[in-house]
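Overview (structure and organization)
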Amino acid sequence: MESQFFNTLDGRPLDWVIFLDHKLGKLYQAIPFDEIASILPYKKPKTGPVPWFDVKGGIGLQILKHHYRTSDENLIDLLNQNKMMQYFCGINLKAGQKIKDIGIVSRWRARLGGYLAMSDVMTKFQLANVEHWKSDLENTETNLSDATCYESYIRYPTDVKLLWECITYLRSQMKKICKYVGIKMPRSKFKDQERKYLNYQKRRKKTYKLTRATIRRLLYLLHKFLGLLPGLIGAMKRKEAEALHSCRVKSNFFSRISTIKKIYEQQQLHFNYPKLKIKNRIVSLHKPYLRPIVRGKETKRVEFGMKVHEMQVDGINIIEHWNFEAYHEGVRMKKTTFKHRYLFKKKCTVFGGDQIYANNKNRKYCARENISTCFQPKGRPPVDKTVRKQQSQLRSLIGKERATRLEGSFGNKKNHYLLDKIKAKTFNTEIAWIFFGNMTANAINIAKRNKPPSQKVAA
């Protein structure tokens with residue numbers, strides 16, 4: 001990336017040196033752009049306009065977004081005005097030249113998220129980061145692990161809201177199709193149900209009987225719309241064949257219709273059998289991959305988002321496993337130690353985790369591998385009081401480190417790196433949002449350390 005600066009700045013290294021002394025330059029040196037970019041396949045387009053950013057610039061955009069905690073549109077405005085941000089992304093805009101495409105940030109996020117959705121690519125990304133940061137890490141034999149949930153930015157889902165969302169989406173699409181085909185909108189009780197739905201939502205106290213009645217009406221209306229839809233789609237396809245152009249329905253129309261049908265089946269089953277547990281229950285029409293994650297907290301019993309199992313080594317958080325489905329992090333201790341050895345090339349000798357990890361299988365594994373933990377011991381304590389005191393102090397130290405440093409890092413990322421509510425709209429972009437938020441926090445942590453960065457910069 002340095003050569004780009006020398007070319008765009010007419011071979012003047014002074015601007016590059018000034019950039020390296022800037023806080024963004026220090027952050028830039030803490031990120032292995034070349035190693036990460038080499039992992040992703042990228043071909044420069046042979047035709048069309050020259051793209052603003054290469055892979056390094058696309059990654060730089062994601063880092064800057066989380067660093068400045070700003071929107072995509074505001075990020076482009078800042079980029080047009082700030083030379084240091086331009087250097088960070090590998091471009092140098094001339095006087096009067098501006099980037100007007102505000103969607104370029106989201107397109108790069110979607111592209112990078114498509115690669116990160118593959119677990120091996122994310123592991124390679126993290127391995128490149130660890131190799132780059134290795135000289136700045138000291139205590140690499142201690143592993144602190146825990147799971148957290150990065151919530152998606154959705155309204156709290158209820159059965160009534162979800163059904164009404166499906167109904168309004170279907171009606172809007174049916175109106176587009178009817179206008180295109182040139183027929184009247186089929187008759188329905190939508191206006192009636194809209195008035196009753198608003199009256200229901202305005203009530204402070206929603207009784208069980210009233211909620212059941214509302215769900216029954218909405219299920220009936222949704223079933224009617226789903227029955228009318230095939231005829232309208234057939235008329236639309238015949239019209240398209242005659243007119244040789246397509247109706248302006250969204251590209252994800254048919255996949256969303258499939259989701260609505262599944263929602264109807266699940267809600268009808270739940271209505272008939274309220275106590276029946278429904279597997280893979282959909283809670284959001286626009287994000288059908290989300291699942292309720294029961295956390296057991298006092299303020300929030302249920303969260304909706306990605307559950308991420310992270311391990312922390314010397315203040316650096318590594319994503320060990322992620323899933324939108326709920327899973328038990330206590331069974332992942334052995335895999336965590338294997339990944340620790342793979343990334344840091346050192347055996348894990350100290351493991352810190354809460355009591356959910358303290359099952360018999362993990363205890364036997366730690367005893368066999370001589371791994372010190374903060375688990376409360378089983379059986380009789382040692383006869384020697386000195387040994388007993390030392391073991392107790394070690395457990396207390398590991399537990400305190402986990403409870404303060406690791407738990408504190410979760411709150412820090414959620415408060416300062418846009419990970420409190422994930423505002424991404426698709427599966428891939430949500431993965432990229434969480435990964436680059438975590439990577440930005442790690443890179444800033446490395447940039448703030450006293451040791452000089454390990455990356456060698458050409459003078």
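Higher on the page you've got the structure.
Rules of the game
- Residues numbered from 1 in each chain as written.
- Predicted model: local features only at pLDDT ≥ 70, side-chain atom pairs only at ≥ 80, totals over all residues.
- Heavy atoms only, no water.
- Core = buried A, V, L, I, M, F, W, Y, C linked by side-chain atoms within 4.5 Å.
- Buried < 20%, exposed > 50% of the residue type's maximum accessible area, 1.4 Å probe, protein only.
- Helix = DSSP H or I, 4+ residues; strand = E, 2+ residues; numbered from the N terminus.
- Contact = heavy atoms within 4.5 Å.
- Salt bridge = Lys/Arg side-chain N within 4 Å of Asp/Glu carboxyl O.
- 1 Å grid on protein atoms, 1.4 Å probe; cavity = no way out; pocket = protein on both sides within 12 Å on 5 of 7 lines; lining within 4 Å.
- Points joined across faces, edges and corners; volume = space filled by probe spheres on them.
- Phe/Tyr/Trp six-rings, centres within 6.5 Å; stacked < 30°, edge-to-face > 60°.
- Lys NZ or Arg CZ within 6 Å of the ring centre and 35° of its normal.

A few points about the nonpolar core
Core analysis: the biggest nonpolar cluster contains 79 residues, and Phe19, Phe53, Phe88 and Phe436 have the highest contact counts within it. Take this core: its biggest share by element is 11 residues, from helix α17 (residues 427-447). In this structure, Phe436 is in contact with Ile59, Gln62, Ile63, His66, Leu112, Leu116 and Phe125, ignoring residues within four places of it in sequence. Residues Tyr197, Leu229, Ile233 and Ile282 belong to the second largest nonpolar core, which totals 36 residues.

Some words on the pattern of salt bridges
Scanning the model with the defined rule gives 20 salt bridges in all. Note that Asp159 and Arg281 form a salt bridge whose closest N and O atoms lie 2.7 Å from each other. Of this pair, Asp159 sits in helix α10 (residues 159-181) while Arg281 sits in the loop between α13 (253-272) and β2 (292-294); the two residues are 122 residues apart in sequence, bridging distant segments of the chain. Arg405 is the partner of Glu401 in a salt bridge, and the nearest nitrogen-oxygen pair spans 3.2 Å. Taken together, the positions of Glu401 and Arg405, both in helix α16 (residues 385-416) and four residues apart, correspond to about one turn of that helix.

Observations concerning empty space enclosed by the protein
In this structure the tally under the stated criterion is three cavities of 30 Å³ or more. In this model, the largest cavity occupies a volume close to 60 Å³. Forming the walls of the largest cavity are Gln126, Asn129, Trp133, Asn317, Ile318, Ile319, Phe435, Asn438, Met439 and Asn442. Elements with a contribution of two residues or more to the lining of the largest cavity: α9 (119-133), β4 (316-323) and α17.

Looking at the packing of aromatic side chains
What the rule picks out here adds up to 15 aromatic pairs. Ring geometry for Trp322 versus Phe324: centroids 6.4 Å apart, planes at 80°, classification edge-to-face. Accessibility assignment for this pair places Trp322 and Phe324 in one class, buried. Across from the ring centre of Phe271, 4.0 Å away, lies the NZ or CZ of Arg212, which sits over that ring. Above the plane of the ring of Tyr153 lies Lys423, whose end atom (NZ or CZ) is 5.0 Å from the centre.

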